[in-house]
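Structural features, examined
Here are the chains, one letter per residue:
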Amino acid sequence: MSSRTWPQIGGRTTGEDLVRALDEARAGVLITGASGSGKSYLTSLLTKEIRDDAYIVVLRASAGLTASPYGALNVLLRDLDSQFLSHPALVLSALTTLLAERAEGKPVYLVIENAADVDELAGVVISQLARNGTAGLILTCSDPQRLGSELARLCTDGYLARIELGPLPLPEAVTWLEASLGGRISASAAHEFWTASGGNPHYLKMLAGELVESGSLAVRDGVWVLTATDRPHGPAITDLVVTRLGRLGPGERMAVEIVSLAGTVPLEALLAIALPDDVDSLERRGILVVDHSLPRMVGVQNQLLRDVIRANIPTGRSSDLRRRFCEAVDPALMHPALTAALAGWALECGVPLSERDALQAARIANTRADHPLALRLVRSIPGHYLSATAVAEESSALAALGAVNEARNVLRQYRDKIGESADGDGPGPLPPEEDVRFQLAEAAVLQSDPETMDQAVEHLRHARKALDGELLKADLAGRSPLGSGDGSGGETVRFLHEELVLAEARSAGLLGRYGEAAAQLEGALQDFETHGPDFRFTAGSLLCEAWALTGRQSEAADLAGQLLADSRNPMVSAAAAWAAAGRLRFALLLAGCWEDAASMQQPHWDSPLPAGQPLPACFDLALAVLRCFQGRAHEGLEALVPLIGQLRVRDDEGLLGAATRAAAYASALQGEPEQAGKCPAGKRPGPARPGRPLEFVTAFFTILAADSPDRPQAAIDLLMRLADDEHAAGNYGLEVIALSTAVRLGRTAAAPRLLETALRCDGDFAGLCAAYANAVLAHDVAQQVAVAQLAQDLQHDRFAFDVAEAVIRRAHALEDRALLLQARRIAETCRHRMRAPEDTAQQEDRITARELEIATLAARGQSNKAIAARLHLSVRTVEGHLYQIYGKLKIVERSELPFALGLAEGNQQ
């Protein structure tokens, strides 16, 4: 990787841009940005552009030279007599003469990197050289506020044009990586790089090199994928970061070490122990990032910096910093994420935790999907296997990580101990709150297997009974259950209630009973503000999914919009945000809100996921599936190929089957059935159950991928059977998708049922399906063309194309030529958006270049004789061509040519 050539970053300042900025500035340019942002690269790019026509002097500025008068000018001053150094005016005069002599009439430019380290006397001279026109300046620095007073005044007085380099946005980072690696890169790998580096080009480049060298980034099926998710970094990156941080003052180092160890912390909490000036300095230098949320939160600029800093803090210092921070911070600022982070910090530096504190932190970690931390916390408790609460948290974490058999064993061992209680040797009956938590853990493990779903439901019923009965009585009696965050029973009741609601909703969804799930979630979210942000976002996304599937598409779309507005809440964990966002995008897709689904923004790109956890792929899969639904096979495969490559390495969510089936369908749409056969259904390596939406998508595309061009009856029968299954489960939103596809493929006898199902639903897609069913039942071509136009407007390209093509195929019986031309325009517009191949008959209908030339002249009013003379043809030949053209364009008169050719000319492109 070290020999790999890294191209210029696309979309950034070019050499021409730099020269233009230099020419337009009064005295030069100042390039600013964090260390590694590309300042040196742009400086070298600019000097290469101007070196043939300018005299360039490169000056060295460093912290070591700041104590030496005129230290930054030593390259020039070593050729002068020492008497000139007695006063800045003498130095200025001597350098003016020296530079003029050496430049020989060329413009002079002084290039100074790390301009903030220019000493004050050198700054005075350099500033005057710029002001009097002797030399232009090309300066770089990380923190403009650290510039000396004279150089800073050049900026404020308008002498220097400032070029600021921020972090690379994700799309630019991906393009740059792929250009250097020479191939596509998976979204998970791109997210890991971008989050770890914070978009810093230098860190991005070094990290990619080290991961390739270690084998953690490798090519699978032509795609660069991550083969490990433990965030490795080698000695080169460590040395770079340590060197950079070596310039920090004691207060700055303490602040950045605390944030690195504690994770994202409230600004108010950090300022309880760190000086505001130190925090401001770290923010200006791009080491810390302060967001604008309420409360304001502080984090390290990128995950790579944080990991290196954490790894280089001695245990003793880490323990001391934790003690000082905990003593200084106001308990009111201890939000759940910080509580879990401080507990993990305690484990790292060997500080013992009480059983209660460890269990509370483990519960929070599991809720925030940081399951490895939950396991470490639980297993730090001596004899944890004797505690029902500890066993429940441990098994829940194991099940979430895919270690279902191990989770079963943990629960089985504890149940064996309960069985001994009959002889007085066991732990005895569980208190109600522990009983509920244990039942939830049992259900989580049982839900991983379809064969044990009935048992899972029974455990959830038991938990519901206990929660609604004995636990509430205990709470009213004032008893303080174990694990309460504030010492009150109410906090534990709230937490258990939230966990039970989510478990019941997931159980109902896995059984296909989304109407039941919707009712449960609606009731739980009545008191929206009383719940934590993670629960609101997760439960809201589950409700949105349930509404979309059961026909309440408009409500699903409205709720999705509300939830997305809150998705960047810093109190929502990155894992919860990604999982919920994927669910929301699929809900919008299945609700027919395709434009909203396509434009949905990615959540928390700047927030790290728990260590060792890959990026949830459901969000990206939803967009790829959407493109396939639209018929845009090329775009679908563009997204699916790298996604499938990564999923073949690791598929925690059970998405590979849906992804490969969608890819097979996209290949079939492109007219490549042999490629479709090369996309075998993926087998899930883990125990994750993808849920009904993905099961439907997998079945739907499996049917369509096997569909041959002549629309075999077998595919339509399978679609009708799929619709029957969804109808029986009450999932009318899925039923209407299957039915509308079957009707478009030729099962017009199902139009009455399509109308009935569409009327059970709401939203734009349901309205489209109802209008289509009515048009089919009425045998009304005008209505069908209007439906095709509506589908096109809603971005349902395949729907619009199928309906328009059906009209075109009946062209011989169609008297209204305007309707036919409108149908052709819709079909060709959608074909262009889908890049769909034409069948042989359609290809034969396309006019040739010669025919287009003749038709264009005829449309402009030229006679057959004039056309023949111009093109050196016989009149009879022109007439023959026009006869063929009329047939291909489905027109009957010469006067229709101008209108038809607007379409035909577009089709040749």
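Computed from a predicted model, the values in this text were never measured in an experiment.

1. Observations regarding the overall build of the protein
- Looking only at helices and strands, one finds 45 helices and 11 strands in the protein.
- The buried share of the protein, reckoned over its 909 residues, is 55%.
- Counted over contacts in the protein with a minimum sequence separation of 6, partners at least 24 positions apart contribute 69%.

2. Observations concerning the sheet that holds strand E5 (residues 160-165)
- Spatial strand order, E2-E3-E4-E1-E5: five strands in an open sheet with parallel pairing. The open sheet has two edge strands, strand E2 (55-60) and E5, and neither has a second partner. Across the sheet, the mean angle separating the axes of adjacent strands is 15° when strand polarity is ignored.
- The pairing of strand E1 (residues 28-33) with E5 spans six bridges and is classified as parallel. Its bridge partner being in E5, Gly-28 is matched across the sheet by Leu-160.

3. Looking at the environment of Leu-440
- Relative to the assigned elements, Leu-440 resides in helix H21 (residues 432-446).
- According to the relative accessible area criterion, Leu-440 is buried, its value standing at 6%.
- Measuring from C-alpha to C-alpha, the distance between Leu-440 and Glu-504 comes to 9.6 Å, with 64 residues separating the pair along the chain.
- Beyond its immediate chain neighbours, meaning those up to four positions away, Leu-440 contacts Leu-460, Leu-496, Glu-499, Leu-500 and Ala-503.

4. Details of the side chain of Arg-585
- Take Arg-585: it is sitting in helix H27 (residues 574-590).
- Here Arg-585 occupies a buried position and makes no salt bridge, while the nearest side chain of opposite charge, Asp-620, is found at 5.0 Å.
- Reaching out from Arg-585, the side chain makes a polar contact with the backbone oxygen of Ala-597 at a distance of 2.9 Å.
- Setting aside residues no more than four positions away along its own chain, Arg-585 makes contact with Ala-597, Ala-598, Met-600, Phe-619, Asp-620, Ala-622 and Leu-623.

5. Things to note about unusual backbone geometry
- Unusually for a residue other than glycine, Glu-104 sits at a positive phi of about 50°.
- Looking at the element boundaries, Glu-104 is found in the loop between helix H4 (88-103) and strand E3 (108-113).
- For Ala-369, which is not glycine, the phi torsion reads 65° and is therefore positive.
- Inspection of the secondary structure assignment puts Ala-369 in the loop between helix H17 (355-367) and helix H18 (371-379).

6. Here's the deal with the packing of helix H9 (residues 201-214) against helix H10 (residues 235-245)
- Across the interface, H9 lies against H10 with an axial gap of 9 Å and an inter-helix angle of 155°. With respect to each other, H9 and H10 are oriented roughly antiparallel. Two secondary-structure elements touch here, H9 through His-202, Tyr-203, Met-206, Leu-207 and Glu-210 and H10 through Pro-235, Ala-236, Ile-237, Leu-240, Val-241 and Arg-244.
- The class makeup of the residues in the contact of H9 with H10 is eight nonpolar, one polar and two charged.

7. Regarding the pattern of salt bridges
- The final tally for this structure, using the stated rule, is 38 salt bridges.
- For Arg-20, the salt bridge is made with Asp-17, and the minimal N-O distance between the two is 3.0 Å. In this pair, Arg-20 and Asp-17 both sit in helix H1 (residues 15-24), three residues apart, roughly one turn of the helix.
- Its relative accessible area of 43% is what places Arg-20 among the partly exposed residues.
- What makes Asp-17 partly exposed here is its relative accessible area of 30%.
- Shared partners join several salt bridges into a network, and the residues in it are Asp-320, Arg-323, Arg-324 and Glu-327.

8. Topic: helix H13 (residues 276-284)
- Those residues of H13 not exposed but buried are Asp-278, Val-279, Ser-281 and Leu-282. The buried residues of H13 occupy an angular sector of 160° when projected down its axis, which confines them to one face.

9. Quick look at the sheet that holds strand E7 (residues 217-220)
- In spatial order, the strands read E6-E8-E7; together these three strands make up an open sheet with mixed pairing. The sheet is open, and its two borders are formed by strand E6 (184-185) and E7, each paired with just one other strand.
- With four bridges connecting them, E7 and strand E8 (residues 223-226) associate as antiparallel partners. Bridge pairing in E8 links Leu-217 to Leu-226.

10. Observations concerning the confidence of the model for the protein
- Per-residue pLDDT for the protein has a mean of 83; in total, 87% of the residues score no lower than 70.
- Looking over the protein, one finds the lowest element-wise mean pLDDT in helix H41 (residues 840-844), namely 45, and the highest in helix H36 (residues 751-760), namely 96.
- Between residues 479-488, whose pLDDT stays under 50, and residues either more than four places distant or in other chains, the model counts 30 contacts.
- With pLDDT under 50 throughout, residues 839-844 is counted as low confidence; its partners more than four residues away or in other chains account for four contacts.

11. Comments concerning the environment of Asp-652
- Structurally, Asp-652 is set in the loop between helix H30 (633-649) and helix H31 (656-669).
- Judged by relative accessible area, Asp-652 falls into the partly exposed class, the value being 42%.
- Measuring from C-alpha to C-alpha, the distance between Asp-652 and Gly-402 comes to 7.3 Å, with 250 residues separating the pair along the chain.
- Polar contacts involving the side chain of Asp-652 include one to the side chain of Arg-650, which spans 3.0 Å.

12. Side note on the packing of aromatic side chains
- Across all of its chains, the model carries 11 aromatic pairs by this definition.
- A ring pair is formed by Trp-594 and Phe-629, whose centres lie 6.0 Å apart and whose planes are at 45°; its orientation type is tilted. With a gap of 35 residues between them, Trp-594 in helix H28 (residues 594-599) and Phe-629 in helix H29 (residues 618-630) connect regions that are remote in the sequence. In terms of burial, Trp-594 and Phe-629 fall into one category: buried.
- Centroid distance Phe-629 to Phe-701: 5.1 Å. Interplanar angle 50°. Geometry classified as tilted. Here the residue Phe-629 occupies a position in helix H29, and Phe-701 occupies one in helix H33 (residues 692-705), the gap between them amounting to 72 residues.
- An aromatic cluster is built from Trp-594, Phe-629, Tyr-665, Phe-696, Phe-700, Phe-701, Phe-765, Tyr-772 and Phe-799, whose rings are joined through pairwise contacts.

13. A word on the state of the cysteines
- Applying the stated criterion to the full structure yields zero disulfides.
- Looking at Cys-349, it has no disulfide partner, and the nearest cysteine sulfur is the one in Cys-326, 9.1 Å off.

14. Section: the packing of helix H11 (residues 250-262) against helix H14 (residues 303-311)
- Running from amino to carboxyl end, H11 crosses H14 at an angle of 100°, the nearest separation of the two axes being 9 Å. Here H11 lies roughly perpendicular to H14, going by the angle between them. Between H11, through Val-256, Glu-257, Val-259, Ser-260, Leu-261 and Ala-262, and H14, the contact on the second element is made entirely by Arg-306, Ile-309 and Arg-310.
- Taken together, the residues of the contact of H11 with H14 break down into five nonpolar, one polar and three charged.

Quick notes on the rules
Residues numbered from 1 in each chain as written. Predicted model: local features only at pLDDT ≥ 70, side-chain atom pairs only at ≥ 80, totals over all residues. Heavy atoms only, no water. Helix = DSSP H or I, 4+ residues; strand = E, 2+ residues; numbered from the N terminus. Buried < 20%, exposed > 50% of the residue type's maximum accessible area, 1.4 Å probe, protein only. Contact = heavy atoms within 4.5 Å. Pairing = 2+ DSSP bridges. Axes fitted to C-alpha atoms, helices over the stretch in contact; angles between N-to-C directions. Lys, Arg positive; Asp, Glu negative; His and termini not counted. Salt bridge = Lys/Arg side-chain N within 4 Å of Asp/Glu carboxyl O. Polar contact = N/O pair within 3.5 Å; in protein donor to acceptor, adjacent residues only side chain to side chain. Parallel < 35°, antiparallel > 145°, perpendicular 65-115°, else oblique. Nonpolar A, V, L, I, M, F, W, Y, C, P; charged D, E, K, R; others polar. Arc of directions from axis to C-beta. pLDDT = per-residue confidence, 0-100. Phe/Tyr/Trp six-rings, centres within 6.5 Å; stacked < 30°, edge-to-face > 60°. Disulfide = S-S within 2.5 Å.

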